[in-house]
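What follows is each chain in one-letter form.
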Amino acid sequence: MMKTRVFALAVLCLSSVASSAGAQPPEAAAAMPTESSAQPVAECPVLLQEAEVLLERGLHASAARRWRDAVPVLREAGSAFLKVAAGCPSVAIQANRQGDRATAELKLAESAASHQTECLPRLDKALDLDLRATAARNDKGDPAEVERLLGEAEGVWRDAVGVCQSPHREKAERSLASTVRVRAANAELLSAGPACDAAWKSAGALVDYARGAWKDKRWDDAAMLYDKAAMAWEGAADKCSGTRQQQAQRKAEQTHVDAHNAEHCGPLWDAATDQAQRLKTNGASLTAGERDQLSIRAEVGWRDAAAACRGSPQTLARTNAEALARERGAPLTAQAMAMYGSKKVPPPGPVVTAPPAVAVATVAGGALAGAARTATAPVTPGPTAPKVQADAPRSMESTPPDARPAPAADGVLVAGDTTYRGAFAIVSASGEVSGTGAVEWANGERFTGTLVKGRRQGKGRFSWASGQWYEGDWVDDRATGYGVIQFPGGNRYEGAVQDGEPVGRGTLVFASGDRYSGEFSRGLFHGQGTYAWKNGNRYEGAWVLGKKHGLGRFFWASGEGWEGEFRDDMKTDVGKDIAAAR
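Because the structure is predicted, anything quoted here is derived from the model rather than measured.

Chemist: Mind laying out the nonpolar core, listing which residues take part and the relevant values?
Modeler: Formed by 30 residues in total, the largest nonpolar core has its most connected members in Tyr420 and Phe525. Looking at this core, the element that brings in the most residues is strand β6 (residues 433-441), giving three residues. One finds Leu59, Ala70, Ala95 and Leu106 within the second-largest nonpolar core, a separate group that totals 24 residues.

Chemist: Break down helix α5 (residues 92-138) for me, citing the residues and quoting the values.
Modeler: For α5, which comprises 47 residues, the first-to-last C-alpha distance of 66 Å matches the rise-based estimate of 69 Å (1.5 Å per residue) to within 8%. Roughly 40° is the biggest bend found in α5, and it falls at His115.

Chemist: Could you give an account of the side chain of Thr419, with specific residues and numbers?
Modeler: Relative to the assigned elements, Thr419 resides in strand β5 (residues 418-426). Classification of Thr419 as buried rests on a relative accessible area of 16%. Those residues in contact with Thr419 that lie beyond four places of it in its chain are Val412, Leu413, Val414, Ala438, Val439 and Glu440.

Chemist: Which residues make up the state of the cysteines, and what values go with them?
Modeler: By the definition in use, this model includes three disulfides. Each disulfide pairs two cysteine sulfurs, and for Cys44 the partner residue is Cys88, the sulfurs being separated by 2.1 Å. Judged by the torsion about the S-S bond (-90°), the Cys44/Cys88 disulfide is left-handed. With Cys44 in helix α3 (residues 44-63) and Cys88 in the loop between α4 (67-87) and α5, this residue pair connects regions lying 44 residues apart in the sequence. The pair formed by Cys44 and Cys88 is uniform in burial state, with each residue classed as buried.

Chemist: Account for the pattern of salt bridges, naming residues and giving values.
Modeler: Following the criterion strictly, the structure yields 29 salt bridges and no others. As a salt-bridge pair, Asp128 and Arg132 come within 3.6 Å of each other at their nearest N and O atoms. Of this pair, Asp128 and Arg132 both sit in helix α5, separated by four residues, roughly a single helical turn. Given the relative accessible area of 37%, Asp128 is considered partly exposed.

Chemist: How would you explain the packing of α4 against α5 if you had to name every residue and give the values?
Modeler: One way to put it is that α4 packs onto α5 with a least axis distance of 8 Å and a crossing angle of 160°. The orientation of α4 relative to α5 falls into the category roughly antiparallel. As for how α4 packs across α5, the hand of that crossing is left-handed. When the residues that make up the contact of α4 with α5 are grouped by side-chain class, the tally is 14 nonpolar, six polar and four charged.

Chemist: Now, about unusual backbone geometry: what can you tell me, with residues and values included?
Modeler: Even without being glycine, Asp477 reaches a positive phi, approximately 75°. Tracing the backbone through its elements, the reader meets Asp477 in the loop between β9 (469-475) and β10 (478-486). The phi angle at Asp499 is positive, at roughly 50°, despite the residue not being glycine. For Asp499, the position within the fold is in the loop between β11 (492-498) and β12 (501-509). Here Asp499 falls in the partly exposed class, since its relative accessible area comes to 43%.

Cut-offs applied
- Residues numbered from 1 in each chain as written.
- Predicted model: local features only at pLDDT ≥ 70, side-chain atom pairs only at ≥ 80, totals over all residues.
- Heavy atoms only, no water.
- Core = buried A, V, L, I, M, F, W, Y, C linked by side-chain atoms within 4.5 Å.
- Buried < 20%, exposed > 50% of the residue type's maximum accessible area, 1.4 Å probe, protein only.
- Helix = DSSP H or I, 4+ residues; strand = E, 2+ residues; numbered from the N terminus.
- Expected span 1.5 Å × (residues − 1).
- Bend = angle between axes of the 7 residues up to and from the residue.
- Contact = heavy atoms within 4.5 Å.
- Disulfide = S-S within 2.5 Å.
- Salt bridge = Lys/Arg side-chain N within 4 Å of Asp/Glu carboxyl O.
- Axes fitted to C-alpha atoms, helices over the stretch in contact; angles between N-to-C directions.
- Parallel < 35°, antiparallel > 145°, perpendicular 65-115°, else oblique.
- Left-handed = near helix turned anticlockwise from the far one by under 90°.
- Nonpolar A, V, L, I, M, F, W, Y, C, P; charged D, E, K, R; others polar.

This is how it looks when you write it as structure tokens:
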């Protein structure tokens, strides 16, 4: 009994001591951190150094552009720095700083590795396909093989756009757009068939032979070959369609000009060049009279060439003649032309020539998915006609030099290579002419209408030797107002004109049957307008410098369509399909 009491008293004392000491319950004691859960202070610098070694290895691999080796090492270094920062408070700040650096370097390495393994191989493959397609096109290869190469290149470019990062993505997008355009042009070759392709090759070969004869100054051979080449281009225009047909028509017109120049212009050009060279070489050692004599002979030679040549050689010959006259300070007399001029009769009648430098309107068409068709058509009536107040006109009848003839119906005045037929009169001492009738130039150009002091005013029609003509309003010698332009290839424009170019609203009808109605700027589709293709397709909406750009709607002949945003002649991802009307 005594032992039991002693034991109870001992337990009570122990409980009292535990209570007075603030003993914690077992659960709370277990929750407290123990010394063994943190890294020993002596180990923290070692762990940090090991992480830094990993970082240096990763940076070294990145510097050597071994991206695939750098990525796992940098990822391991980042994890090591995180562990050090969590377990070593004494070096946590330094570990976090180095960890941020490892993370940034890892992102760069991952991006470079992706470019190296995903983007770059696609760029290389697409460029190789484009190169092979270009070589095949330059070698006049099979359009079907070109289509295969371009189609494969387009697919690879699209893959590259999806996997590449900036700036390589933007480069891939531009290359994709150019490949799509080339593929659309090649699609026309496929649709034209072997007959078009064969005719095209034959015409090109004849032109090459003609150029060789021209270079060797074998004028008869050059004229014959250019004539045959022009016939070949006309045959190609009959066999081809779309853009290729229009290109063949323009080549036929230009080749006619080359054939004419080889026959009539080349020999005279050589003679004029020889006279001008003599003046340049010997002029300094001659007397003033002898130098003027050589200058007159050279100017006569250039004026003979200007009367016989067509196109740009004619313009250059005139410029050379006028330069000699200015340098000499005296006009060329009629006696000089009669004495030194060519006795060869100029070629009769107008010769079909290509229109002089004109603006070009580019019209895209066809399927929106890349088979767009491009048609080009000149839309200006060409450069301003030669000034009509040239040398003082002389009447074909004998008239005293100081006389001023009064206006007379159906009279004839002649000034150099310019002839006035109608009620014209000289109205100033400088030889300016006013009146109504027809003005004809030796190169086949002609104006019918009213002149006021040598400048076209009111209504009038100007015709080029090429067959192109403009009829409409004239303001101070400029084709400005409302008028009609007819082109040699069959295209026709009617509408607002400014300085000889469509500006404002008008309609351009192509020889192919296509038609555009809307706004123009400097001869190009610009603003709001509708382009209708002969096959029934139609686009209506915004244009910028000849290309679909902005909001618009495209309808296929089936009635289905797409509306939305267009950019640089191509539809974008911003838009929706239009169901065919029922």
